[in-house]
Amino acid sequence: MRKGLIVALTALLFGLLFQPVESRAASEDDVLGLINAERSQAGLGSVSMDSSLTEAAAIRAQECSTYFSHTRPDGSSWSTVSGITKGENLARARDNAQSKPENVVLAWMLSPKHKENVLKPAYTSVGIAYYYGENGVTIIVCEFN
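Quick look at the structure, then. Note that the structure is predicted; figures quoted are calculated from it, not measured. (Residues numbered from 1 in each chain as written. Predicted model: local features only at pLDDT ≥ 70, side-chain atom pairs only at ≥ 80, totals over all residues. Heavy atoms only, no water.)

## Focus on the nonpolar core
How we decide: Among buried residues, those of type Ala, Val, Leu, Ile, Met, Phe, Trp, Tyr and Cys that are joined through side-chain atoms within 4.5 Å constitute a nonpolar core. Only protein chains enter the calculation, and the probe is 1.4 Å; a residue is then buried if its accessible area is under 20% of its type maximum, exposed if over 50%, and partly exposed in between. Runs of H or I in DSSP of at least four residues are treated as helices and runs of E of at least two as strands, each being numbered from the N terminus.
In terms of nonpolar packing, the biggest core is built from 18 residues, with V31, I35, W108, V126, I128, I140 and C142 touching the most fellow members. Looking at this core, the elements with two or more residues in it are α1 (2-41), β2 (87-93), α4 (101-110), β3 (125-132) and β4 (138-144). Judged by nonpolar contacts, the second largest core, of eight residues, contains A61, L90, A129 and V141.

So, in structure tokens, the structure goes:
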């Protein structure tokens, strides 16, 4: 009986530990899909996920959790995060509904400067990152090239 309980608890903990990683990846992939849907509607080619841009987006998302701005916490421009990033979209979600990919992309499409990044014909790749803050706020960053 005790061994069965230990096995069940281990399986439950294992499942809980790995669930957030899958959820984050799905959100990032969903944001990519929605960006590409907007680009397709505008007659543009799709963008693909780039690992270097994703690393830059992850850095910026963590930075924006404490200082939400296109200026980095050290006072430098957002573009200094990587030598290849040419555009940046930020979003701050205060609850689960706001952090849903469809709401993030909708907010960007309602903002002229963010929409310009989503629909810029020259961009061919992106990096997208979600950062889940301890205060319940989620930061979503998309770096473009």
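## As for the sheet that holds β4
This is how the line gets drawn: Any two strands between which DSSP finds at least two bridges are classified as paired. Note on definitions: a residue-residue contact is assigned when non-hydrogen atoms from the two residues lie within 4.5 Å. Helix axes are fitted only over the stretch in contact, all axes being lines through C-alpha atoms; the angle between N-to-C directions runs from 0 to 180 degrees.
Reading across the sheet, the four strands line up as β1-β3-β4-β2 and stay open at both edges, with mixed pairing between neighbours. The open sheet has two free edges, formed respectively by β1 (48-49) and β2, since each of these has just one partner strand. Pairing analysis gives seven bridges linking β3 to β4, with the strands arranged antiparallel. Each residue of the ladder has a partner; that of I128, found in β4, is C142. Helix-sheet contacts for helix α2 (residues 51-64) involve β1, β2, β3 and β4, and the interaxial angle to β3 is about 35°. Where α4 meets the sheet, its contacts fall on β2, β3 and β4, and the angle it forms with β2 comes to roughly 125°.

## Thoughts on the packing of aromatic side chains
Rules: By convention, a stacked pair of Phe, Tyr or Trp rings (six-membered ring in the case of Trp) has centres within 6.5 Å and planes under 30 degrees apart, an edge-to-face pair has planes over 60 apart, and any other such pair is tilted. A ring is scored as having a charge over it whenever the NZ atom of a lysine or the CZ atom of an arginine sits within 6 Å of its centre and within 35 degrees of its normal.
Inspection of the entire model under this criterion finds two aromatic pairs. Judged by centre distance (5.3 Å) and plane angle (25°), the rings of Y123 and F144 are stacked. One end of the pair, Y123, is in the loop between α5 (112-118) and β3; the other, F144, is in strand β4, with 21 residues separating them in the sequence. Here Y123 falls in the buried class, since its relative accessible area comes to 5%. The exposure class of F144 is buried, given its relative accessible area of 1%. When the ring centre of F68 is taken as reference, the NZ or CZ atom of R92 above it lies at 4.2 Å.

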